[in-house]
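The primary structure of each chain is shown beneath.
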Amino acid sequence: MERDEVDEHVRRWASLWEGDPDVAPEIEGAITRMQFLLRRQKRGDAAAFPDPAFTVEDYKTLHALMIQPYPIEATPAQLAEVVKVTRAAMTARLDRLARAELITREVEPQDRRRVLVRPTAAGRAAWEQHIHAGMARDRELLAALSLTELKQLNALLRKVMLHHER
C-alpha cells in the first residue's frame, strides 16, 4: 500500500504512547487527512478571490442566500445562522453586497420590523460565476476517487454526521 505524509505523522505520534489502549492511529490518521483536505480547499477558495471588491465571504453570503430553503430571500438573521457568523458580521457583509448592488434589502410590508434580503441579477451572476469555479476546484480535490468511492466516502461521513446529530 502506498503511504502518504500522514502515515509518517501517525507513526511518530503513536510511538509516543506505545502500548496505551487509548491511542487510536486510525482516528488520528482520518482526522489529520480531513484537516489537510479542508486546509487545501480553503487555500484554493482564498486564491480564487484575489479582488478585495468581491471576497470569499461575499461569495459565501450570496451562496447562503441562493441555496437556503426560502424562495431566494432571507432575513439577515437567517443568513447569519446559515453562514455561522454573528448578526453584526452579517450586517457588515450585507452592507458590502448592497453597495456593490449584488443584493437588495427591503422592509417586509406585513411586518415592518423584518428585513428581506434578495439577490439582484448581478448578484446571481456573480454567484453563478464563482460556484462553477468552486465546483471545479472541489472535483480536483477529490479527483483520486471514483464515483463508487465518492459514494462510499459520503456514506461513511454521513454515518459519522448522524451519530453527532442525535
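Structural data are supplied above this passage.
Here we look at unusual backbone geometry
Even without being a glycine, K84 presents a positive backbone phi close to 65 degrees. Among the secondary structure elements, K84 is positioned in the loop between α4 (76–83) and α5 (87–99). Positive phi, normally seen in glycine, also occurs at E101, with a value near 60 degrees. Looking at the element boundaries, E101 is found in the loop between α5 and β1 (103–108). By relative accessible area, which is 59% here, E101 ends up exposed.

Considerations on the environment of A53
Take A53: it is sitting in the loop between α2 (25–47) and α3 (56–67). Remark: the alpha-carbon pair of A53 and R12, spanning 41 residues in sequence, is separated by 44 Å. With sequence-adjacent residues up to four places away left out, A53 is seen in contact with D58 and R96.

Section: the nonpolar core
Within the largest apolar cluster, 21 residues are counted, with the highest numbers of intra-cluster contacts made by F54, L62, L79, L94, L97 and I103. Elements that contribute at least two residues to this core include exactly α3, α4, α5 and α6 (121–141). Examining the composition of this core, we find that six residues originate from one element, α3, more than from any other. Not counting residues up to four positions away in its chain, the partners in contact with L94 are T61, P76, L79, I103, R105 and V117.

What about a nonpolar patch on the surface?
Nonpolar side chains collect at one region of the surface, where I27, I31, M34, L37, L142, L145, L153 and L157 lie side by side and expose about 580 Å² of accessible area between them. Residue contributions to the nonpolar patch peak at four residues, all from α2.

Some thoughts on the pattern of salt bridges
Enumeration according to the criterion identifies 12 salt bridges in this entry. Note that R12 is salt-bridged to E8, the shortest N-O span being 3.7 Å. Here R12 and its partner E8 are both found in helix α1 (residues 5–15), four residues apart, which amounts to about one turn of the helix. Here E106 and R118 are joined by a salt bridge, their closest N and O atoms 2.9 Å apart. Of this pair, E106 sits in strand β1 while R118 sits in strand β2 (residues 111–119), and the two are 12 residues apart along the sequence. Residue class for E106 comes out partly exposed when judged on its relative accessible area of 40%. Accessibility expressed as a relative area gives 26% for R118, which makes it partly exposed. Residues participating in the shared-partner salt-bridge network are D4, D7 and R33.

What counts as what
Residues numbered from 1 in each chain as written. Predicted model: local features only at pLDDT ≥ 70, side-chain atom pairs only at ≥ 80, totals over all residues. Heavy atoms only, no water. Helix = DSSP H or I, 4+ residues; strand = E, 2+ residues; numbered from the N terminus. Buried < 20%, exposed > 50% of the residue type's maximum accessible area, 1.4 Å probe, protein only. Contact = heavy atoms within 4.5 Å. Core = buried A, V, L, I, M, F, W, Y, C linked by side-chain atoms within 4.5 Å. Patch = residues over 30% accessible without salt bridge, like charges linked within 9 Å, V, L, I, M, F, W, Y side chains within 5 Å. Areas by Shrake-Rupley, 256 points an atom, 1.4 Å probe, with all protein chains shown as cover. Salt bridge = Lys/Arg side-chain N within 4 Å of Asp/Glu carboxyl O.

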